[in-house]
Amino acid sequence: MMFNSKNTSSSPPPPRNTGTVETLVGRQTEIKGDVFFTGGLHLDGRILGNVASTADKSAHLSISENGAIEGEIRVPMIVLNGAVVGDVYASEKLTLGAKARVTGNVFYKLIEMQPGAQVNGQLVHESMAAALKARQPVAVQDYSSDSRIIDVQDAGIQHQQHVDAIPD
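Quick caveat: nothing in here was measured; it's all calculated off a predicted structure.

Strands belonging to one sheet form pairs held by backbone hydrogen bonds; the direction of such a pair is parallel or antiparallel. What the six strands build is an open sheet, ordered S3-S6-S9-S12-S15-S18; its pairing is parallel. Both edges of this open sheet fall to strand S3 (35-37) and strand S18 (123-125), since each of them pairs with a single strand only. Judged from the two bridges that link them, strand S9 (residues 73-74) and strand S12 (residues 88-90) form a sheet pairing that is parallel. Each bridged residue has a counterpart across the sheet, and for Arg74 the counterpart in S12 is Tyr89.

And the structure:
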(Lines give C-alpha, C1' and ligand atoms only; values in the text may rest on other atoms or scores of the structure.)
Protein backbone atom coordinates (compact mmCIF):
# COMPACT_ATOMS: atom_id res chain seq x y z
CA MET A 1 0.00 0.00 0.00
CA MET A 2 1.45 3.34 -1.01
CA PHE A 3 -0.19 5.50 1.67
CA ASN A 4 0.40 3.85 5.01
CA SER A 5 -0.34 5.86 8.14
CA LYS A 6 2.05 3.78 10.23
CA ASN A 7 5.80 4.26 9.99
CA THR A 8 7.29 0.79 9.49
CA SER A 9 10.88 2.04 9.62
CA SER A 10 12.87 0.80 12.61
CA SER A 11 14.66 4.10 13.12
CA PRO A 12 13.01 7.42 13.94
CA PRO A 13 12.87 10.05 11.21
CA PRO A 14 15.70 12.59 11.16
CA PRO A 15 15.15 15.65 13.36
CA ARG A 16 13.38 18.56 11.73
CA ASN A 17 13.85 22.23 12.39
CA THR A 18 10.62 24.14 12.80
CA GLY A 19 12.04 27.51 11.67
CA THR A 20 11.70 29.04 8.23
CA VAL A 21 14.46 28.30 5.75
CA GLU A 22 15.48 31.36 3.73
CA THR A 23 18.61 29.83 2.19
CA LEU A 24 19.07 26.39 0.66
CA VAL A 25 22.38 24.97 -0.49
CA GLY A 26 21.60 22.08 -2.83
CA ARG A 27 23.19 18.65 -2.96
CA GLN A 28 25.30 19.41 -6.05
CA THR A 29 26.61 22.71 -4.63
CA GLU A 30 30.03 23.24 -3.04
CA ILE A 31 30.92 26.58 -1.47
CA LYS A 32 34.54 27.50 -0.80
CA GLY A 33 34.79 30.32 1.74
CA ASP A 34 33.07 31.53 4.89
CA VAL A 35 29.27 31.75 4.95
CA PHE A 36 27.39 34.32 7.07
CA PHE A 37 23.59 34.22 7.21
CA THR A 38 20.48 35.33 9.08
CA GLY A 39 17.28 33.37 9.54
CA GLY A 40 17.45 29.77 8.40
CA LEU A 41 20.00 27.90 6.29
CA HIS A 42 19.53 24.32 5.10
CA LEU A 43 22.54 22.47 3.71
CA ASP A 44 22.36 19.47 1.41
CA GLY A 45 25.68 20.29 -0.27
CA ARG A 46 29.17 21.04 1.01
CA ILE A 47 30.82 24.12 2.56
CA LEU A 48 34.59 24.41 2.82
CA GLY A 49 34.82 27.29 5.28
CA ASN A 50 33.34 28.62 8.48
CA VAL A 51 29.58 29.05 8.90
CA ALA A 52 28.12 31.68 11.25
CA SER A 53 24.86 33.48 11.81
CA THR A 54 24.94 37.23 12.21
CA ALA A 55 23.45 38.69 15.41
CA ASP A 56 20.21 36.75 15.11
CA LYS A 57 19.45 34.69 18.21
CA SER A 58 16.73 32.79 16.35
CA ALA A 59 19.02 31.81 13.45
CA HIS A 60 19.15 28.12 12.70
CA LEU A 61 21.19 25.77 10.55
CA SER A 62 20.08 22.34 9.41
CA ILE A 63 22.46 19.92 7.73
CA SER A 64 21.00 16.88 6.00
CA GLU A 65 22.71 13.49 5.95
CA ASN A 66 24.17 14.50 2.56
CA GLY A 67 25.45 17.85 3.85
CA ALA A 68 29.01 18.49 5.03
CA ILE A 69 31.00 21.38 6.48
CA GLU A 70 34.76 21.60 6.83
CA GLY A 71 35.14 24.56 9.16
CA GLU A 72 33.88 26.08 12.37
CA ILE A 73 30.14 26.52 12.96
CA ARG A 74 28.73 29.31 15.18
CA VAL A 75 24.92 29.27 15.08
CA PRO A 76 22.40 29.45 17.96
CA MET A 77 20.26 26.49 16.83
CA ILE A 78 21.67 23.59 14.84
CA VAL A 79 20.09 20.39 13.57
CA LEU A 80 22.87 18.14 12.30
CA ASN A 81 22.43 14.87 10.47
CA GLY A 82 25.49 15.16 8.19
CA ALA A 83 29.25 15.56 8.65
CA VAL A 84 31.26 18.38 10.24
CA VAL A 85 35.03 18.60 10.49
CA GLY A 86 35.63 21.50 12.86
CA ASP A 87 34.36 22.90 16.13
CA VAL A 88 30.62 23.43 16.60
CA TYR A 89 29.23 26.25 18.77
CA ALA A 90 25.47 26.12 19.42
CA SER A 91 24.56 28.94 21.81
CA GLU A 92 20.93 27.76 22.17
CA LYS A 93 20.28 24.15 21.05
CA LEU A 94 22.09 21.42 19.15
CA THR A 95 20.29 18.36 17.83
CA LEU A 96 22.47 15.53 16.55
CA GLY A 97 20.57 13.12 14.32
CA ALA A 98 21.33 9.43 13.95
CA LYS A 99 23.70 10.00 11.02
CA ALA A 100 25.50 13.04 12.49
CA ARG A 101 29.30 12.86 12.46
CA VAL A 102 31.38 15.56 14.14
CA THR A 103 35.17 15.59 14.16
CA GLY A 104 35.89 18.46 16.52
CA ASN A 105 34.77 19.90 19.82
CA VAL A 106 31.11 20.64 20.47
CA PHE A 107 30.12 23.63 22.62
CA TYR A 108 26.43 23.71 23.54
CA LYS A 109 23.78 25.10 25.88
CA LEU A 110 21.23 22.33 25.27
CA ILE A 111 21.97 19.13 23.36
CA GLU A 112 19.88 16.29 22.01
CA MET A 113 21.55 13.20 20.55
CA GLN A 114 19.89 10.34 18.73
CA PRO A 115 21.39 6.85 18.84
CA GLY A 116 24.03 6.53 16.14
CA ALA A 117 25.30 10.13 16.33
CA GLN A 118 29.10 10.32 16.52
CA VAL A 119 31.30 13.01 18.09
CA ASN A 120 35.07 12.64 17.87
CA GLY A 121 36.03 15.48 20.22
CA GLN A 122 34.94 17.02 23.49
CA LEU A 123 31.38 17.88 24.48
CA VAL A 124 31.57 21.14 26.45
CA HIS A 125 28.53 22.68 28.16
CA GLU A 126 28.41 26.50 28.02
CA SER A 127 28.89 26.79 31.80
CA MET A 128 32.19 24.89 31.56
CA ALA A 129 33.28 26.91 28.52
CA ALA A 130 32.62 30.14 30.43
CA ALA A 131 34.58 28.87 33.42
CA LEU A 132 37.54 27.92 31.24
CA LYS A 133 37.40 31.26 29.45
CA ALA A 134 37.37 33.14 32.78
CA ARG A 135 40.61 31.50 33.89
CA GLN A 136 43.46 33.97 33.71
CA PRO A 137 47.13 33.00 33.86
CA VAL A 138 48.83 34.01 37.09
CA ALA A 139 51.32 36.83 36.63
CA VAL A 140 54.77 35.98 37.97
CA GLN A 141 57.23 38.63 39.01
CA ASP A 142 60.95 38.04 39.53
CA TYR A 143 62.39 39.33 42.80
CA SER A 144 65.66 37.39 42.54
CA SER A 145 67.47 39.74 44.96
CA ASP A 146 65.46 38.47 47.97
CA SER A 147 65.02 34.73 48.58
CA ARG A 148 63.33 33.44 51.76
CA ILE A 149 61.55 30.36 53.02
CA ILE A 150 58.17 30.93 54.61
CA ASP A 151 55.58 28.66 56.26
CA VAL A 152 52.28 28.42 54.43
CA GLN A 153 49.13 26.82 55.79
CA ASP A 154 46.90 25.35 53.08
CA ALA A 155 43.59 23.71 54.08
CA GLY A 156 45.00 22.75 57.47
CA ILE A 157 48.20 21.23 56.05
CA GLN A 158 51.45 22.82 57.20
CA HIS A 159 54.31 22.89 54.69
CA GLN A 160 57.28 25.00 53.70
CA GLN A 161 57.46 26.85 50.43
CA HIS A 162 60.52 28.48 48.89
CA VAL A 163 59.59 31.97 47.83
CA ASP A 164 61.76 34.05 45.53
CA ALA A 165 59.46 37.03 45.72
CA ILE A 166 58.59 38.82 48.93
CA PRO A 167 58.20 42.53 48.50
CA ASP A 168 59.25 44.56 51.58
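As a further point, take the pairing of strand S4 (residues 40-43). Examined bridge by bridge, strand S1 (residues 23-25) and S4 share three bridges and lie parallel to one another. When the sheet's bridge partners are listed, Val25 is paired in S4 with Leu43. The sheet contact formed by S4 and strand S7 (residues 60-63) spans four bridges and is parallel. Bridge pairing in S7 places Leu43 opposite Ile63.

Within this structure, the stated rule accounts for eight salt bridges. The shortest N-O distance in the salt bridge between Glu30 and Lys32 comes to 3.9 Å. On the basis of relative accessibility, which here comes to 43%, the residue Glu30 falls in the partly exposed class. The partner of Arg46 in a salt bridge is Glu70, and the shortest N-O contact between them spans 2.3 Å. Linking Arg46 in strand S5 (residues 46-48) with Glu70 in strand S8 (residues 68-70), this pair joins segments that are 24 residues apart in sequence. Of the residues examined, Glu70 reaches a relative accessible area of 39% and is grouped as partly exposed. Residues joined by salt bridges that share partners form a network here, namely Glu30, Lys32, Arg46 and Glu70.

Reading guide: rules and limits
Residues numbered from 1 in each chain as written. Predicted model: local features only at pLDDT ≥ 70, side-chain atom pairs only at ≥ 80, totals over all residues. Heavy atoms only, no water. Pairing = 2+ DSSP bridges. Helix = DSSP H or I, 4+ residues; strand = E, 2+ residues; numbered from the N terminus. Salt bridge = Lys/Arg side-chain N within 4 Å of Asp/Glu carboxyl O. Buried < 20%, exposed > 50% of the residue type's maximum accessible area, 1.4 Å probe, protein only.

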